[in-house]
Amino acid sequence: MASLVKRVYRFLSPDAEKEEDGRDKWPSRAAFVLAAMGGAIGLGNMLRYPSVVFANNGVQWFIPYFIALFFLGIPILILEISIGQAYRGGAVVAFHGLNNRTKGIGLGVIMNGYVVATYYVPIIAWIMRYFRSSFQSPLPWTGRGEEFYMGDVIRNPDPIPGATSGSTVTSYVTYAARGMIGETVGWVAFIWFLVYLCMYKGVGVTGRAVYITMGLPIIMMFILIGRSLSLPNAIDGIKLYFAEWHSDKLAGGDIWQAAVGQIFFSIGVGFGYFTSYASYNSKYSNAVQDAIIIAFSNSLYEILAGFAVFGVIGYLGYEPDQGVTLGTFTVGFLTYPLALAEMPGANVWAVLFFLTLALLGLSSAFALVESLVTMICDTNWGQHTSRTRISTGIILVSFCLSLLYCTEFGFYLLDAVDTWTNNLALIFVVWCEAVAITSFYRYVDVVGQVGLAAYGIYNSAYVLAMVLGVAVAQSVSAEAGAGTGFGIYIVGACVSVVLAKSPDSLAPSFWGRNGLLNKFWWLSCYSANQLCRDLNNVVAIGKNWSIPIVWGPILRYISAPIMAITFSFAYPSFYAVRNDPLHIFAFATSHVVMIIIALGFIVPRTFDIFVPADKLHIGKSFYAPQVVILGILSGQEAAQVEANSQDTDEDKNRAAAGTRHMS
């Protein structure tokens, strides 16, 4: 009997296999893809997506949606997966590898993911309260959906409103009740225990868990779609979703902002877990293909899940032009449960629905925590400490932090933290990702070729164009903002090209046929182009898909400006809740991420503690214009590359320069 128990335990909780460099690796490619999909596919796909589409109903929704997918979601996802795989480390190690001053960005994405994890689990606890009640007949929310949700599940008394007079706050919102909600605490403890079981031994056990946490929701989604589409009048909801055309909505900014927000939040970039998960891949895995699979699977899941919700919307007779509004929590805790209560076999469908939501939430929760666990395991101390102990400590601390959301003001605190983490900290971090890697990666080459003054002027104008452009757009008009942004950039680019010295290494293709174009290419494209080439010599080995050459320019000149525009909406919206202490707290806390990024840039050694000693050298910048680097260089190899690059003639410095094969 004891041997049988041991065999079952080893099957369910195997030790992770090892890569050649001694790092844990996924048991299979499918395990990695499913785990990454589990992080991406969560409550936002099943609940937030239908609510956003309902407000912008019609097939025209998919135009901005797919534009955002291709020009925002996929490029950043390729970045996060590729650097984790290439640098064989979590977010801090990977961003340190790009430049030693960008470690703060890696720490910022980890902080974002962990903050979300602490309030994501209480949301799953509310789902489990509904799941428990799904076994009662009749369903306890029948005819009293709002009362059950706010009174029986959330159990937060209404706060006492504050007041403002003009621009002055005369009184603040007051939250008188501060006790704990017992059942919510119990479910939170249970969910954190499940999270622990899914990741305490690393990718070996996670690779087993994802077959359940992702496999079952996929199966149950199709069952729910079939049931929803069989409801009376379900076709009316499907017409709202897929069979109407409202071209006038494309002329407004709301649908574009909603599409960008949905792609950005549903894929889950900026939380660190893609980089952490990818670090456990084989170094030469097909990273680009994996990123495409994950991105399209995420979109396919939420598009299909939309049919399950819109069938219910048609059944309930909801119409956007009738003043009906749907929110993320409204869909999950009011709209769908009320429809379930009216269906034949209501209990069965309620159990399936809330079990699906719980599993989707669980797979996202342990992905969000993984980035922090990986960061600690990567440190010198963590490498000599059991991962089980590290995971145990993090889970216990996480449970204590989640108790804040189990209070009688926890619902309102959760709303505030969710709002400012997603609208402020998350967007800022991803903007920094796109800007930093296309500006600072191997910047020594650029400075050596065109001069420090030209490099500084160009990149200052590039950043100021976005910052001042969106500021003017918010305070004056969109047209004035666009004019300011483009004007600053064009002037800065022209001045920097005039001041730049002539490079002795020619740019590739037609860029190198003209002196001015040659200078402009070095200033505007080199860092992104060289990162693409260097990463491709790791992730595009053999028949693997390569990162396209347009990837860098898209990140720098499309993704980053989109993030800047989206970020600019956060500060004006704070004005409306400036008298709410919880929103003030969450708003201030979100700025900690910005401080971390700035500190890492100004004093890069501050966060060296999070980088193992054998990888500290990879953040060192060395001069080797257009020399392609294969893999992570040792300190001696980096010195050799730099020495060799200075001895080469002009032909060897051209874009087609040979590669260095490093171990």
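Remember, predicted model here, so these are calculated numbers, not experimental data. Throughout this document, residue positions are counted from 1 along each chain, in the order its sequence is written. Whole-chain, interface and lining totals are the exception, using all residues; otherwise, since this is a predicted model, local features are given only for residues with pLDDT of at least 70 and side-chain atom pairs are given and counted only at 80 or more. Calculated side-chain values reflect all of the structure's heavy atoms, with hydrogen atoms and water omitted.

(A) Geometry of the overall build of the protein. A run of H or I in DSSP becomes a helix once it reaches four residues, and a run of E becomes a strand once it reaches two; helices and strands are each numbered from the N terminus. The number of helices and strands found in the protein is 28 helices and six strands. The C-alpha radius of gyration of the protein comes to 26 Å, within 12% of the 26 Å expected for a compact globule of 663 residues. Projected onto its principal axes, the C-alpha positions of the protein cover 80 × 70 × 50 Å. For each residue, the accessible area found with a 1.4 Å probe, counting protein chains only, is set against the maximum for its type, and the residue is called buried under 20%, exposed over 50%, and partly exposed in between. The proportion of buried residues among the 663 residues of the protein is 58%. The criterion used for residue contact is that any of the two residues' heavy atoms lie within 4.5 Å. Sequence separation of 24 or more characterises 81% of the internal contacts of the protein that already satisfy a separation of 6 or more. Only the protein chains shown count as cover for residues, and the accessible areas themselves come from Shrake-Rupley with a 1.4 Å probe. Accessible area for the protein stands at about 25,700 Å²; split by element, carbon and sulfur atoms hold 66% of it. Positive residues here are Lys and Arg, negative ones are Asp and Glu, while His and the chain termini are left out of the count. Where a charge sits is defined by one atom per residue type, namely NZ (Lys), CZ (Arg), CG (Asp) or CD (Glu). One finds the centroid of the 38 positive side-chain charges in the protein at a distance of 8 Å from the centroid of its 40 negative side-chain charges. The quantity called the radius of gyration is restricted to C-alpha atoms. Its globule counterpart is 2.2 Å times the number of residues to the power 0.38.

(B) Here's a closer look at the state of the cysteines. Here, two cysteine sulfur atoms that lie within 2.5 Å of each other are counted as a disulfide. For the coordinates displayed, the defined rule picks out zero disulfides. Here C494 is not cross-linked by a disulfide; its sulfur's nearest cysteine counterpart is in C525, at 15 Å. A residue is classified by how much of its surface remains accessible, and C494, at 46% relative accessible area, is partly exposed. Cysteine C525 is unpaired, with the sulfur of C532 as its nearest cysteine sulfur at 12 Å.

(C) Spatial organisation of a nonpolar patch on the surface. Patch membership needs two things, relative accessible area over 30% and no salt bridge, and members are linked within 9 Å if like-charged or within 5 Å if nonpolar (Val, Leu, Ile, Met, Phe, Trp, Tyr). Within this document, salt bridges are pairs made up of a side-chain nitrogen of Lys or Arg and a carboxyl oxygen of Asp or Glu, the two lying within 4 Å of each other. A contiguous nonpolar surface patch, about 770 Å² in accessible area, is contributed by I63, F66, I67, F70, F71, W245, W256, F296 and I558. Among the elements that line the nonpolar patch, the one with the most residues is helix α4 (residues 62–87), at five residues. Inspection of the secondary structure assignment puts W256 in helix α13 (residues 254–267).

(D) Spatial organisation of the packing of helix α10 (residues 215–229) against helix α15 (residues 287–316). Each axis is a line fitted through C-alpha atoms, taken for helices only over the stretch in contact, and angles between the N-to-C directions span 0 to 180 degrees. Relative to each other, α10 and α15 sit at 35 degrees, their axes nearing to 8 Å. Considering the relative orientation of α10 and α15, their crossing is left-handed. Taking contact as the criterion, the partners of P217, I218, M221, F222, L224, I225, S228 and L229 in α10 are, on α15, Y301, L304, A305, F307, A308, G311 and V312. Residues are grouped as follows: nonpolar covers Ala, Val, Leu, Ile, Met, Phe, Trp, Tyr, Cys and Pro; charged covers Asp, Glu, Lys and Arg; every other residue, Gly included, is treated as polar. Residues of the contact of α10 with α15, tallied by class, amount to 13 nonpolar, two polar and no charged. Crossing handedness is read from the near helix: turned anticlockwise from the far helix by less than a right angle, it gives a left-handed crossing, and turned clockwise, a right-handed one.

(E) Focus on the pattern of salt bridges. Enumeration over the complete set of coordinates arrives at 11 salt bridges. A salt bridge links K18 to D24; its shortest N-O distance comes to 2.4 Å. Given the relative accessible area of 51%, K18 is considered exposed. Here D24 falls in the buried class, since its relative accessible area comes to 16%. Residue D290 is joined to R29 by a salt bridge in which the shortest nitrogen-to-oxygen separation is 2.7 Å. A residue pair is termed long-range when its members are at least 10 positions apart, and D290 in helix α15 and R29 in helix α2 (residues 29–40) qualify at 261 residues.

(F) A look at empty space enclosed by the protein. Cavities and pockets were defined on a 1 Å grid built from protein atoms only: a cavity is a group of points that admits a 1.4 Å probe but offers it no way out, a pocket is an open group of points flanked by protein on both sides within 12 Å along at least five of seven lines, and a lining residue is one with an atom within 4 Å of any such point. Grid points are joined across faces, edges and corners, and a volume is the space filled by probe spheres set on the points. Under the defined criterion, the tally for this structure stands at four cavities of 30 Å³ or more. Considering only enclosed or pocket space, the second largest cavity measures out at about 60 Å³ in volume. Lining of the second largest cavity is provided by A125, W126, R129, D152, V153, R155, I181, E183, T184 and W187. Of the residues contributing to the lining of the second largest cavity, the split by class is five nonpolar, one polar and four charged.

(G) Representation of the nonpolar core in the model. With 203 residues, the main nonpolar core has W61, V195, F274, I294, F354 and W551 as its most contacted residues. Among residues more than four places away in sequence, those in contact with V195 are L362, A365, F366, V369 and I395. To define a nonpolar core, start from buried Ala, Val, Leu, Ile, Met, Phe, Trp, Tyr and Cys residues and group those joined through side-chain atoms within 4.5 Å. Formed by 16 residues, the second largest nonpolar core is a distinct cluster that contains A500, W521, W522 and C525.

(H) Region of the structure containing the pairing of strand β4 (residues 168–171). Taken together, the three bridges between strand β3 (residues 163–165) and β4 define a ladder with antiparallel strand orientation. Following the sheet pairing, T164 is matched in β4 by V169. Strand pairing requires that DSSP identify at least two bridges connecting the strands. If you look at the hairpin formed by β3 and β4, you'll find two residues sitting between the two strands, and G166 has a positive phi there, around 70 degrees.

(I) Region of the structure containing the environment of S477. Structurally, S477 can be placed in the loop between α21 (452–475) and α22 (478–499). Linking S477 and P612, residues 135 residues apart in sequence, is a C-alpha distance of 48 Å.

(J) Local environment of helix α16 (residues 328–342). Each helix should span, by expectation, one fewer than its residue count multiplied by 1.5 Å. Over its 15 residues, α16 extends 21 Å from the first C-alpha to the last, a length consistent with the 21 Å expected when each residue adds 1.5 Å. At every residue, the bend is computed as the angle between two fitted axes, covering the seven residues ending there and the seven beginning there respectively. Where α16 bends most, at Y336, the angle is about 30 degrees, and the proline P337 comes one to four residues later. Along its buried surface, α16 packs onto α3 (43–55), α6 (103–133), α7 (145–154), α10, α15 and α17 (346–378).

(K) Spotlight on helix α9 (residues 203–213). Within α9, eight of the 11 residues are buried, which leaves the element mostly enclosed by the surrounding structure. All buried positions along α9 are accounted for by V203, G204, V205, T206, G207, A209, V210 and T213.

(L) Quick peek at the side chain of T356. Structurally, T356 can be placed in helix α17. You can call T356 buried: its relative accessible area is 0%. Here the side chain of T356 touches L352 through a polar contact of 2.7 Å, landing on its backbone oxygen. Apart from the residues within four sequence positions on either side, T356 is in contact with P217, M220, L224 and Y301. Nitrogen and oxygen atoms within 3.5 Å of one another constitute a polar contact, given that in protein one can donate a hydrogen and the other can accept it, and given that sequence-neighbouring residues count only through two side-chain atoms.

(M) Representation of the packing of aromatic side chains in the model. Each pair of aromatic rings taken from Phe, Tyr and Trp, with Trp reduced to its six-membered ring, is defined by centres within 6.5 Å and is described as stacked if the planes are under 30 degrees apart, edge-to-face if over 60, and tilted in the remaining cases. Overall, the coordinates contain 60 aromatic pairs when judged by the stated rule. Both rings, one in F411 and one in Y412, keep their centres 5.3 Å apart while their planes meet at 85 degrees; by these two values the pair is edge-to-face. Both residues of the pair, F411 and Y412, belong to the buried class. Measuring from ring centre to ring centre gives 5.9 Å for Y462 and Y557, while their planes differ by 75 degrees; the resulting arrangement is edge-to-face. Of the two residues, Y462 is situated in helix α21 and Y557 in helix α25 (residues 551–567); the sequence distance between them amounts to 95 residues. Look at NZ for Lys and CZ for Arg. If either is within 6 Å of the ring centre and within 35 degrees of the ring normal, a charge sits over the ring. It is R101 that lies over the ring of F601; its NZ or CZ is 5.9 Å from the centre. It is R556 that lies over the ring of Y462; its NZ or CZ is 4.0 Å from the centre.

(N) Structural detail: the side chain of Q60. Considering the arrangement of structural elements, one finds Q60 in the loop between α3 and α4. A polar side-chain atom of Q60 sits 2.9 Å from the main-chain amide nitrogen of H246. If sequence neighbours within four positions are ignored, Q60 has contacts with E244, W245, H246, K249, L250 and I255.

(O) Looking closely at the environment of I376. As for its position among the elements, I376 is in helix α17. Excluding residues that lie within four positions of it along the chain, I376 makes contacts with W381, G382, I390 and I394.

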